[in-house]
There are 4 protein chains.
Amino acid sequence: MISVSIVGASGYTGGELLKILRRHPDVRVKHVTTSSSPGKRLEEVHPQLRKDFDLSLESFDAKRLARDTDVAFFALPHGVGSKNIAEFLATGKKVVDLSADFRLRDVKTYEAWYKVKHASPKLLKEAVYGLPELFRPRIPGARLVANPGCYATTTILALAPLLKNGVIDPASIIVDAKSGVSGAGKKLDLMYHFPECAENFQAYAVNKHRHMPEIEQTLKDVSGRTVALTFVPHLVPMTRGILACAYAKLRKKTDVSRIRALFEKEYGGERFIRLLPEGRWPQTKDVSYTNYVDINAAVDERNGRVIVLAALDNLVKGASGQAVQNMNLMFGLDEAAGLV
Amino acid sequence: MISVSIVGASGYTGGELLKILRRHPDVRVKHVTTSSSPGKRLEEVHPQLRKDFDLSLESFDAKRLARDTDVAFFALPHGVGSKNIAEFLATGKKVVDLSADFRLRDVKTYEAWYKVKHASPKLLKEAVYGLPELFRPRIPGARLVANPGCYATTTILALAPLLKNGVIDPASIIVDAKSGVSGAGKKLDLMYHFPECAENFQAYAVNKHRHMPEIEQTLKDVSGRTVALTFVPHLVPMTRGILACAYAKLRKKTDVSRIRALFEKEYGGERFIRLLPEGRWPQTKDVSYTNYVDINAAVDERNGRVIVLAALDNLVKGASGQAVQNMNLMFGLDEAAGLV
Amino acid sequence: MISVSIVGASGYTGGELLKILRRHPDVRVKHVTTSSSPGKRLEEVHPQLRKDFDLSLESFDAKRLARDTDVAFFALPHGVGSKNIAEFLATGKKVVDLSADFRLRDVKTYEAWYKVKHASPKLLKEAVYGLPELFRPRIPGARLVANPGCYATTTILALAPLLKNGVIDPASIIVDAKSGVSGAGKKLDLMYHFPECAENFQAYAVNKHRHMPEIEQTLKDVSGRTVALTFVPHLVPMTRGILACAYAKLRKKTDVSRIRALFEKEYGGERFIRLLPEGRWPQTKDVSYTNYVDINAAVDERNGRVIVLAALDNLVKGASGQAVQNMNLMFGLDEAAGLV
Amino acid sequence: MISVSIVGASGYTGGELLKILRRHPDVRVKHVTTSSSPGKRLEEVHPQLRKDFDLSLESFDAKRLARDTDVAFFALPHGVGSKNIAEFLATGKKVVDLSADFRLRDVKTYEAWYKVKHASPKLLKEAVYGLPELFRPRIPGARLVANPGCYATTTILALAPLLKNGVIDPASIIVDAKSGVSGAGKKLDLMYHFPECAENFQAYAVNKHRHMPEIEQTLKDVSGRTVALTFVPHLVPMTRGILACAYAKLRKKTDVSRIRALFEKEYGGERFIRLLPEGRWPQTKDVSYTNYVDINAAVDERNGRVIVLAALDNLVKGASGQAVQNMNLMFGLDEAAGLV
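Rules behind the numbers
Residues numbered from 1 in each chain as written. Chains lettered and ligands numbered in written order. Predicted model: local features only at pLDDT ≥ 70, side-chain atom pairs only at ≥ 80, totals over all residues. Heavy atoms only, no water. Pairing = 2+ DSSP bridges. Helix = DSSP H or I, 4+ residues; strand = E, 2+ residues; numbered from the N terminus. Contact = heavy atoms within 4.5 Å. Axes fitted to C-alpha atoms, helices over the stretch in contact; angles between N-to-C directions. pLDDT = per-residue confidence, 0-100. Phe/Tyr/Trp six-rings, centres within 6.5 Å; stacked < 30°, edge-to-face > 60°. Buried < 20%, exposed > 50% of the residue type's maximum accessible area, 1.4 Å probe, protein only. Lys NZ or Arg CZ within 6 Å of the ring centre and 35° of its normal. Least-squares fit on C-alpha atoms with pLDDT ≥ 70 in both. Buried area = accessible area lost by both parts, 1.4 Å probe. Salt bridge = Lys/Arg side-chain N within 4 Å of Asp/Glu carboxyl O. Polar contact = N/O pair within 3.5 Å; in protein donor to acceptor, adjacent residues only side chain to side chain. Nonpolar A, V, L, I, M, F, W, Y, C, P; charged D, E, K, R; others polar.

A. View of the sheet that holds strand E10 (residues 230–235) of chain A. All names here are of chain A. On the basis of which strands lie adjacent, the open sheet formed by seven strands has the order E9-E10-E8-E11-E14-E13-E12 and mixed pairing. Unpaired on one side and paired on the other, strand E9 (202–203) and strand E12 (273–275) mark the two borders of the sheet. Of the strand pairs in this sheet, E12 and strand E13 (residues 293–300) are connected by three bridges, and their pairing is parallel. Considered in E13, the bridge of Arg274 is made with Asp294. Strand contacts of helix H10 (residues 256–267): E12, E13 and strand E14 (305–312), with the helix running at about 155 degrees to E13, the strand carrying the most contacts.

B. Spotlight on the confidence of the model for chain A. Mean pLDDT for chain A: 97, with 100% of residues reaching 70 or above. We note a pTM of 0.97 for the whole complex and an ipTM of 0.97 for its interfaces.

C. View of the packing of aromatic side chains. According to the stated counting rule, one finds 34 aromatic pairs over all chains in the structure shown. Taking 6.1 Å as the distance between ring centres and 45 degrees as the angle between the ring planes, the aromatic pair formed by Phe263 of chain B and Tyr267 of chain B counts as tilted. Taken together, the residues Phe263 of chain B and Tyr267 of chain B, both in helix H10 (residues 256–267) and four residues apart, mark about one turn of the helix. As far as the burial class goes, Phe263 of chain B and Tyr267 of chain B line up, both buried. Through pairs of rings, three or more aromatic residues link up here, namely Phe60, Phe74 and Phe88 of chain A. Positioned above the aromatic ring of Tyr289 of chain B, the side-chain terminus of Arg240 of chain B is 3.9 Å from the ring centre.

D. Region of interest: the relation of the copies chain A and chain B. For the pair chain A and chain B, the superposition axis carries a translation of 0.0 Å, the fit reaches an RMSD of 0.0 Å, and the rotation angle comes to 180 degrees. Accordingly, the operation relating the two chain copies is best matched by a two-fold axis. Both copies share a contact surface, since 100% of the interface residues of chain A are interface residues in chain B too.

E. Molecular detail of the interface of chain C and chain B. Across the boundary between the two partners, chain C contributes 21 residues, which contact 22 residues of chain B. A combined buried area of about 2200 Å² lies between chain C and chain B, and 46% of that area is made up of carbon and sulfur atoms. Considering only the surface of chain C that becomes buried against chain B, Arg23, Arg50 and Lys51 of chain C emerge as the three largest contributors, covering 28% of it. One can count two salt bridges joining chain C with chain B. The salt bridge involving Arg271 of chain B is made with Asp52 of chain C; its shortest N-O contact spans 3.9 Å. The interface formed by chain C and chain B contains twelve residue pairs in polar contact (both at pLDDT 80 or more).

F. Focus on the pairing of strand E8 (residues 174–179) of chain A. Residues and elements named next belong to chain A. Of all the six residues making up E8, six are buried; the element is thus mostly covered by neighbouring parts of the structure. Judged from the six bridges that link them, E8 and strand E11 (residues 242–249) form a sheet pairing that is antiparallel. The partner of Ser179 across the bridge, within E11, is Ile242.

G. Layout of the interface of chain A and chain B. Contacts between the two partners involve 45 residues from chain A, matched on the other side by 45 residues from chain B. Between chain A and chain B, a total of about 3600 Å² is buried, with carbon and sulfur atoms accounting for 50% of that surface. Per-residue buried area on chain A facing chain B is highest for Glu199, Phe201 and Lys285 of chain A; these three make up 18% of the total on that side. Where Lys178 of chain A meets Asp176 of chain B, a salt bridge forms, and the shortest distance between an N and an O atom there is 3.0 Å. There are 40 residue pairs in polar contact (both at pLDDT 80 or more) connecting chain A and chain B. Residue composition of the side of chain A that touches chain B, grouped by class: 25 nonpolar, ten polar and ten charged.

Quick look at the structure:
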């Protein structure tokens, strides 16, 4: 039995972690913390969890948590938790961080994109980027796993096989991505007010989204090639799900069966990646409430381009499900435990 | 007063025409036809219109209609109405056709993409493509106006200024388009069944959508350049609206203010095109139930690419509103009559 | 030409007023005011209205407005505008108030339910309750019209014919009402955050909603009978629309055709009430973006109960459309001007 | 390990059963049948289940199924499966039927409401109505469990404690119920076409819904009192969830704490019923994807009425979750196995 705490349990990724962990056969949730409403019962903040847990929200205290916690999930906004993470790691326990704080290795890039000073830059070198399908061997030994962003997971998994195998021009990549509204979290903003958001579709942060450097860093890691993305995210009037459509120039004439074979080679053994049959396109509903990523590709032969579509649930494989997958690997459990 | 009939009044574009025309100061609706339920009262099929019209649905009869009709809107699926259109034109009256039947000048291209034999190919040469912002001078004299498709209107208006002015490489264009569900019409299909469609986002007809040849033909017409598009449409869980995001390689270093100036030059005097201020991105809600197209552009300087976003209401500017705009031009009325 | 100003133009009912008035043939909008963002262009707050008006938001100033305004619509939250209304009326001009401030004649009831002190209680006696279908004769001479609430309009119109004609027991009335989210306005609240609100249905303010005294006062006015309602409102995951289902005990055996005849008698000549044919139930989509109220009734013969269903668009007939209908009456215009 | 087959696996309740059973620790799914597409892989019909099962759809064959099945779930429309159920029971195996065929004990009532002849009326007497919270003792010994309807489960659980304890007048009950669209199943109909259904709210089958006799029969069973309901169902623009609001006359002055005490007494020990704290109203999102029923009550003291609100997920506690709960009881498993 692994003892788990969730730091920042009142938001959407914290709630989703609890929904997953209530079914995990090897986990006991010990503490749930919040800065905004310590003292409240968990079900006051997450009424869906009433009767599933008997927990009250606490303030964060590294030592108190460490006493009976093996691993803490930090589900805080970026820039808020990194000092606490350092403290908690100092007790000898492990961390999966769902924020962006430990995903970029270069502190200047982080500070430029996230507009905050990093409180624990020394940990950047040690943090392992927790995308199991690409970096599985590094995860079991990690003290600190940086759980990837939702757009990043989708985009990286869609493009990695093509870049690794050198079939596309790294300077030609365009990603048009679409996300459900829960990706923006629980913080109120007119943009996410129901009457503004329902029956509406819009682009935002056009070619300026914070997941871009994370995607570029990781695609370079897996392929050795420098990638400069054009990236346009959109907001879809639904709660969950991301679909990304990636376009790239093929370096030479290639048909779709060769592309499919590459994906099969890279992901054929993966529990959570489903390469769809020809003609069946990924849709967010098919992966909703699961840890799956659905992927398929087409070739535009007139233009020598490949089109890759990938879908996942931003709260599961794009956040809390992947965090549990990482925890499973860190503790030598079945990678899929709690996730099916 | 212009007397108008609507052939195929029971679908969504027929209903939308009636919603617009009930406010049009210079129009009287004389006949509404249907093949599926002649004899029914209009409000049985369009309960929203109860008390707004006193009309019953009739079967189509070119001569009967022509007796007291100046112009007929044909709002039928492709391949169904072209014979009737020829008959009706033979009476000396005018037609605005909302189907795809007279948009493509080349009958072979039409038959290859739409998988039906064209019943009136002789009219193809005469038909005028009714996109007023680009072909306004041709419309007043037309007997037969082919009303553009919804994706086509959005995409063409987004790209025409750039192609006409030679600033982008015509071989580099990628369009990632998103449509609300009413674009698929009233025909039942599991894909549009509420529980499948709500809380879902998906691609479909990946690089195989029937609006592609229409877009390519028209962009060539306005620019003199051959265009081969990569085009991926998506289905958004909302009823109305299209947003297209077009990506293209700039032929030389160009900043966003130069791009904005081009759009301003081409569209500055247009009643129904709104070039948004910098940093404000088009969203479908802003154009919902209006005949506007909202447009804005960004430049990805790292990659020398331009990104153009355009939004419209697929049932208004993408169909019935544009049809009324064409009718206004054909009869010398204020182009915006009934549309504000 | 009537000159109009809108006080509190940045919210949803203010925006809806502008959408209606841009089509009104006899109206010119002179001023739009706001307390939160004076100086901004109107289209910054309502991007849907870009190009439809050339207006900037101003601060409220009774004298400045009065100089070129015949009537001002006050579209403010309750408790905020009543002092300004008094000031504005003092200039000799007219007011339609969309807030709750002048709907209840009894200041104590107002203050008990709305938890604010009334700033202009002297005007309560003079204010006319602007429900044209029931109080039309009083409206043309009014200086101050209190525009009814959205739930109130729906419920009162559903029940008035039955109470006036004495066919139901006034002590037996239960109203189960459902509203779209725009009814709650533009103010942010977790309850209206898209991920909380979409794919959700809930009751709120169970038997404690502020429209209850307004409904009871008015039903007594039209019938002479004291009414004590059971009233449960619900939130529907959609933007616009109210549907109310009212249940009451019949005082004697009555069949549905007699009930229909009563509605026909009371409302048969009304431009904006549509009594639906038997078996066709009101739905919010049928009245969306219109000033109509759709009504139908059933009789539960086993239990001697009548069931009345009524639907309207909360932003139109439930707010801004009705306000324009009132203005039309106040100025001797066609009651439907701008509303079709 | 229990071996399970699903007859009629291609619909929504069949798919939901599979989603639940993939997590059930004691169950193996052996066969999935369909009449419409035998031979297809399961994931062609339920793409969400890709990689979770390795199954192909078969035609129904009682003997073949019985060879390696302990219990079959019949998830067919009413009137279709009862002959097959009789055949399957004849092999000595057990059945949970999710249709309406075995819920009503009186064959004439069944045939009057469902407009079909019953193929196996002899089994009606034997079938056990599978509402565990009220009839738990009868379920373990049953061969044939009739799984309750979704509206029925919600309404019965909301009213049973009050009727059993004699606090309400059985002649005074009104139920205003609201359901998500998946309740209508996968069959196409214009009413459930996305553009008709989204942004819409409507009543249907006003006081004529087929769950009425099932509710009345069961409430009489638990209370000994004849109940004649007024029942109005509504369609909510969401996929999952039912909320019912029940109104009844209190037989004597009773405050809300006494009502709460009754619910606590009847349901306090129930794993899947959550009596909410005062002031917190049930909402469908809180029970979505769970087997919970959330309940709360208010008292309208002016009118001497009680208002009970209950919410559940129509596909889980209203169908497939309850079916698994019944199976657990039939086989002596933990009642909550697979359901948390």
